[in-house]
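Coordinates in review
One letter stands for each residue in the lines below.
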Amino acid sequence: MLEVKNASKVYGEGDTKVVALNNVSLQVNKGDFIAVMGPSGSGKSTLLNVIGGLDRLSGGEVVLDGKRIDNLDENALVEIRRGKIAYVFQQYHLLSSLTAIENVFLPLLFCGANRESLDKAMGILKVVGLENRAKHKPSQLSGGEQQRVAIARAIVNNPSLILADEPTGNMDQETGAEILSLFDQLNTQGRSIIMVTHSPEVAKHAREIIFLKDGQIVDRVEQKGRI
Amino acid sequence: MKLYHLVLKDILRRKKRVLYAALGIVIAAMTVVGILTIATAGQAKIYSQLEKYGANLNVVPAISNVDMRLGDLSMGALMVGENYIPEAKLPEIRQIADGEIRKALGIKDDVDIATIAPKLYVNTKVKGTSLLVVGVEPKEERKIKTWWKIQEGKYLEERDQALLGAQTAQLLKLNIGDKISFNGSDATVTGILEETGSSDDYQIFVPMQTLQTAFNKEGVVSSVDIRALCNACPVEIIADSINQNITGVRALAVKQVAETEMGMMDKMNKFMLALAGITLVIGAFGVVNTMMTSVHERIKDIGIMRAVGASRRQIIKAFIYEAVIIGIVGGIFGYLAGTLVAYGVGPLVFEGTAINYVPQYLPLSLLLAIFVAVVSTAYPAFRATTVKVSDSFRSL
Ligand SMILES: Nc1ncnc2c1ncn2[C@@H]1O[C@H](COP(=O)(O)OP(=O)(O)OP(=O)(O)O)[C@@H](O)[C@H]1O
Ligand SMILES: [Mg+2]
């Protein structure tokens, strides 16, 4: 469903020039789970950003369901973010002025909420096990709870692809495992996932692990007997 | 929940920041409202001062002048004969004056508008001194000479009373209750005027009928003063119309006075508007500054909203909602503060002027405040949405 062809990304010019991605190609099928690993600064976040249109490519293509999306204008990208691709970030990126339920409701608000939308948001909050925290602000939630709110927000518009940048990076192992099982659950429902992680334990959940170094793919590992 | 709910929630959470942003608007609106309120009071004051100029129009008998010339040298004009205006012409004069004012101001009802004050001048001897006795219609005269103050006694009320100019009273050593006589008729001194600095100080005023009877001048007057003091009153048109339609009289617009009135008012208005305009521009810069900071602080939030599907338009709309709310708050408080400032400062600017709050400046203040807030928010908000989402996450 998603194909990245010869993607490259260069920041700055001259002395400050940084090649963050260098000729990266990969393929994501429906229901796929891909983990991206590599040392700090190797281009993992950059890869996710260019796939989802949060940043622009310097070269190459991103093709989603047969259509190039790397060259779309802002309005077309908005359509993609409203239902095809969603993000989960290491720092959660919740709006601190809104309660958990309102944060989950936000994507529905932007694509035209109706009367049932609030119930829908509540239903999704139940899925991540936070129905009793609906009225809490992010500052009143633990890291794991905040990340579950962020996941609920990501899936409320029913995206086919979820891009997760170190979603368990800020958590202890136990909390991380809870979050991870949520991703597994989403994956079994048929959603594709690309997840950046530093943890080999986490990566074991993926079908394929891609190793990046200095913006290049240096290794790919297929995991047949994944967890 | 709608977009504006989101905005309201955000505003309520950041009360301090929002109040700070509104403060700039409050100051701008306050200054503009303050200046305008003081200017309005100043205008009222100038109007009331201008009223002291009295008549706007002067109607005199059409007398034949004989130019006295010696070659090219003018020796002035010699008035021929004693001339009067028949009282019968007063209603016609009123009709023309009121008619033209109604036309100019678009007034429909037909109450009397202009003040029409006829006068009869007689030069005679009182207590052996030759002076001018003036027959007046007491009520009308009072309306024209708003600056008259009674020093002693009271104003003319009935026949055979006399009101003395300050100097007359002194020179003739007359007091309230004294009797004076002219041409065989008697009148009692009922009042003495304060000094006016004009020829009124040397005259005696008696009711019209008293003087007419005393000198057998029933049914005639010497001149008529017409006062139609308002910005748009067409004094020259009234004068032309009287000259064309009424024979035997000559109407003169007291043009110079009228023009200075308008000129003063006009200059003052322009000055005040310029001052208000400059303040608004300076205030707007301050507002742009706070709004830019306020938008910049939320670059990350903007990035989050865009990452979960907000369009640029929605983000800009949210900021404009916020600006409108800030504008409403700023406009209301700016109006209140500006009015208070006017009450405090106004009397110092125009000594002793009574300041009145002007309700019409509330909508003006609101409109200005909302306009400034929206304009100064729209651009930074638009700029903020052009930042790449990935960069906006880096900004904090
Ligand atoms: N906006 C930018 N401007 C300049 N350089 C950038 C920018 N974004 C990323 N880089 C550079 O690109 C390289 C890749 O960055 P990226 O964030 O993708 O690394 P990463 O693999 O996600 O690292 P980490 O594990 O620390 O998150 C780094 O050298 C970084 O300094
Ligand atoms: Mg990263």
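On a predicted model such as this, the values are computed, not experimentally measured, just so you know.

**Overview of the confidence of the model for chain B**
Residue and element names in this part refer to chain B. Within chain B, residue pLDDT values average 84, and 89% of them lie at 70 or more. Highest mean pLDDT in chain B belongs to strand β11 (residues 204-207) (95); lowest belongs to strand β3 (residues 73-79) (51). Two numbers describe this predicted complex: its pTM, 0.71, and its ipTM, 0.93.

**So, helix α5 (residues 143-155) of chain A**
In this model, α5 of chain A (13 residues) spans 19 Å end to end at C-alpha, consistent with the 18 Å of a helix rising 1.5 Å per residue. Along α5 of chain A, 12 of the 13 residues are buried, which leaves the element largely enclosed by surrounding structure. Every buried residue of α5 of chain A is accounted for by Gly-144, Glu-145, Gln-146, Gln-147, Arg-148, Val-149, Ala-150, Ile-151, Ala-152, Arg-153, Ala-154 and Ile-155 of chain A. Packed against the buried residues of α5 of chain A are β6 (85-89), α3 (100-110), α4 (117-127), β7 (161-165) and α6 (173-188) of chain A together with α9 (299-307) of chain B.

**Details of the domain arrangement of chain B**
What the domain assignment reports for chain B is domain 1 (3-50 + 263-394) and domain 2 (127-221). A straight line from the C-alpha centre of domain 1 of chain B to that of domain 2 of chain B covers 59 Å.

**Here we look at the packing of α9 of chain B against helix α10 (residues 312-349) of chain B**
Any two packed helices are characterised by the angle at which their axes cross and by the distance between the axes. Residues and elements named next belong to chain B. Relative orientation of the contacting elements α9 and α10 amounts to 140°, with a least axis distance of 10 Å. Looking at the two axes, α9 sits oblique to α10. α10 is crossed by α9, and the crossing has right-handed handedness. Residue-level contacts link Ile-302, Met-305 and Arg-306 of α9 to Arg-312, Ile-315 and Phe-319 of α10. Residue composition of the contact of α9 with α10, by class: 4 nonpolar, no polar and 2 charged.

**Looking at the site of ligand 1**
In the vicinity of ligand 1, 15 residues are found, and the nearest of them are Ser-40, Lys-44, Ser-45 and Thr-46 of chain A together with Arg-394 of chain B. Flanking ligand 1 are residues from chains A and B. Between ligand 1 and Ser-40 of chain A there is a distance of 2.4 Å, counted from an oxygen atom to a side-chain nitrogen or oxygen. Protein coverage of the free-state accessible area of ligand 1, which is 630 Å², stands at 69%. Sorting the residues of the shell around ligand 1 by element identifies β2 (18-28) and α1 (44-52) of chain A together with α12 (389-394) of chain B as the ones contributing at least two each.

**Concerning the interface of chain A and chain B**
Taken together, the contacts link 25 residues of chain A with 24 residues of chain B. Taking both sides of the interface into account, the surface hidden between chain A and chain B amounts to around 2,400 Å²; carbon and sulfur atoms contribute 63%. For the chain A face of the interface with chain B, the top three residues by lost area are Glu-74, His-93 and Phe-110 of chain A, together amounting to 24%. Taken together, the connections running from chain A to chain B amount to 3 salt bridges. For Glu-74 of chain A, the salt bridge is made with Arg-306 of chain B, and the minimal N-O distance between the two is 3.0 Å. The interface formed by chain A and chain B holds 8 residue pairs in polar contact (both at pLDDT 80 or more) in total.

**Regarding the pairing of strand β1 (residues 57-61) of chain B**
Residue and element names in this part refer to chain B. The sheet contact formed by β1 and strand β14 (residues 249-253) spans 5 bridges and is antiparallel. Bridge pairing in β14 places Asn-58 opposite Leu-252. Where β1 lies against strand β13 (residues 223-227), 3 bridges are found, and the strand directions are antiparallel. By the bridge assignment for β13, Asn-58 is matched with Asp-225.

**What to know about the environment of Ser-390 of chain B**
Within the fold, Ser-390 of chain B resides in helix α12. Once you skip the residues sitting within four places of it in the chain, Ser-390 of chain B turns out to touch Asn-49, Leu-54 and Asp-55 of chain A.

**Brief notes about the packing of aromatic side chains**
Per the counting criterion, the structure on display carries 5 aromatic pairs over all chains. Judged by centre distance (4.9 Å) and plane angle (70°), the rings of Phe-89 of chain A and Phe-393 of chain B are edge-to-face. Taken as a pair, Phe-89 of chain A in strand β6 and Phe-393 of chain B in helix α12 lie in two separate chains rather than in one. Exposure class is identical for Phe-89 of chain A and Phe-393 of chain B. Each is buried. Cluster of aromatic residues (ring-pair linked, three or more members): Tyr-87 and Phe-89 of chain A together with Phe-393 of chain B.

**Topic: the sheet that holds β7 of chain A**
Residues and elements named next belong to chain A. Spatially, 6 strands are ordered β6-β7-β8-β3-β9-β10 in an open sheet, and the strand pairing comes out mixed. In this open sheet, the two strands that pair with only one neighbour each are β6 and β10 (216-222). Averaged over all neighbouring strand pairs, the angle between strand axes comes to 20°, with direction disregarded. In terms of strand pairing, strand β9 (residues 208-213) meets β10 through 6 bridges, oriented antiparallel. Residue pairing for β10: Phe-211 is matched across the bridge by Asp-219. In this fold α5 packs onto β6 and β7, with an angle of close to 175° to the strand it touches most, β6. Against the sheet, α6 touches β3 (33-37), β6, β7 and β8 (192-196), its axis set at about 150° to β8.

**Overview of a nonpolar patch on the surface**
Nonpolar side chains collect at one region of the surface, where Leu-105, Ile-107, Val-111 and Ile-113 of chain B lie side by side and expose about 290 Å² of accessible area between them. Note on placement: Val-111 of chain B falls in the loop between α3 (90-105) and β5 (115-126).

**Description of α3 of chain A**
Residues and elements named next belong to chain A. With 11 of its 11 residues buried, α3 lies for the most part within the structure. For α3, the full list of buried residues reads Ala-100, Ile-101, Glu-102, Asn-103, Val-104, Phe-105, Leu-106, Pro-107, Leu-108, Leu-109 and Phe-110. Looking one or two places after α3, you find Gly-112, whose phi comes out positive at around 85°.

**What about the pattern of salt bridges?**
All names here are of chain A. Under the definition given, this model contains 24 salt bridges over all chains. With its nearest N and O atoms 2.4 Å apart, the salt bridge here joins Asp-32 to Arg-207. Pair noted here: Asp-32 is in the loop between β2 and β3 and Arg-207 is in the loop between α7 (200-203) and β9, with a separation of 175 residues, a long-range link. Relative accessible area serves as the criterion here: at 3%, Asp-32 is assigned to the buried category. Between Arg-133 and Glu-145 there is a salt bridge, and its shortest N-O distance comes to 3.3 Å. One end of the pair, Arg-133, is in the loop between α4 and α5; the other, Glu-145, is in helix α5, and 12 residues separate them in sequence. By relative accessible area, Arg-133 is classed as partly exposed at 27%. For Glu-145, a relative accessible area of 14% gives the class buried.

**Comments concerning the sheet that holds strand β4 (residues 59-64) of chain A**
Hydrogen bonding along the main chain pairs the strands of a sheet, whether they run parallel or antiparallel. All names here are of chain A. Ordered in space as β2-β1-β4-β5, the 4 strands form an open sheet in which the pairing is antiparallel. Only two strands of the sheet have a single neighbouring strand rather than two, namely β2 and β5 (67-68). Looking at chain direction, β4 and β5 are connected through 2 bridges and run antiparallel. Among the inter-strand pairings, Leu-64 is bridged to a residue of β5, identified as Lys-67. Sheet contacts for α1: β1 (2-11), β2 and β4; angle to β2, the most-contacted strand, approximately 60°.

Rules used throughout
- Residues numbered from 1 in each chain as written.
- Chains lettered and ligands numbered in written order.
- Predicted model: local features only at pLDDT ≥ 70, side-chain atom pairs only at ≥ 80, totals over all residues.
- Heavy atoms only, no water.
- pLDDT = per-residue confidence, 0-100.
- Helix = DSSP H or I, 4+ residues; strand = E, 2+ residues; numbered from the N terminus.
- Expected span 1.5 Å × (residues − 1).
- Buried < 20%, exposed > 50% of the residue type's maximum accessible area, 1.4 Å probe, protein only.
- Contact = heavy atoms within 4.5 Å.
- Domains from an automatic or database assignment.
- Axes fitted to C-alpha atoms, helices over the stretch in contact; angles between N-to-C directions.
- Parallel < 35°, antiparallel > 145°, perpendicular 65-115°, else oblique.
- Left-handed = near helix turned anticlockwise from the far one by under 90°.
- Nonpolar A, V, L, I, M, F, W, Y, C, P; charged D, E, K, R; others polar.
- Near = heavy atom within 4 Å.
- Polar contact = N/O pair within 3.5 Å; in protein donor to acceptor, adjacent residues only side chain to side chain.
- Areas by Shrake-Rupley, 256 points an atom, 1.4 Å probe, with all protein chains shown as cover.
- Buried area = accessible area lost by both parts, 1.4 Å probe.
- Salt bridge = Lys/Arg side-chain N within 4 Å of Asp/Glu carboxyl O.
- Pairing = 2+ DSSP bridges.
- Phe/Tyr/Trp six-rings, centres within 6.5 Å; stacked < 30°, edge-to-face > 60°.
- Patch = residues over 30% accessible without salt bridge, like charges linked within 9 Å, V, L, I, M, F, W, Y side chains within 5 Å.

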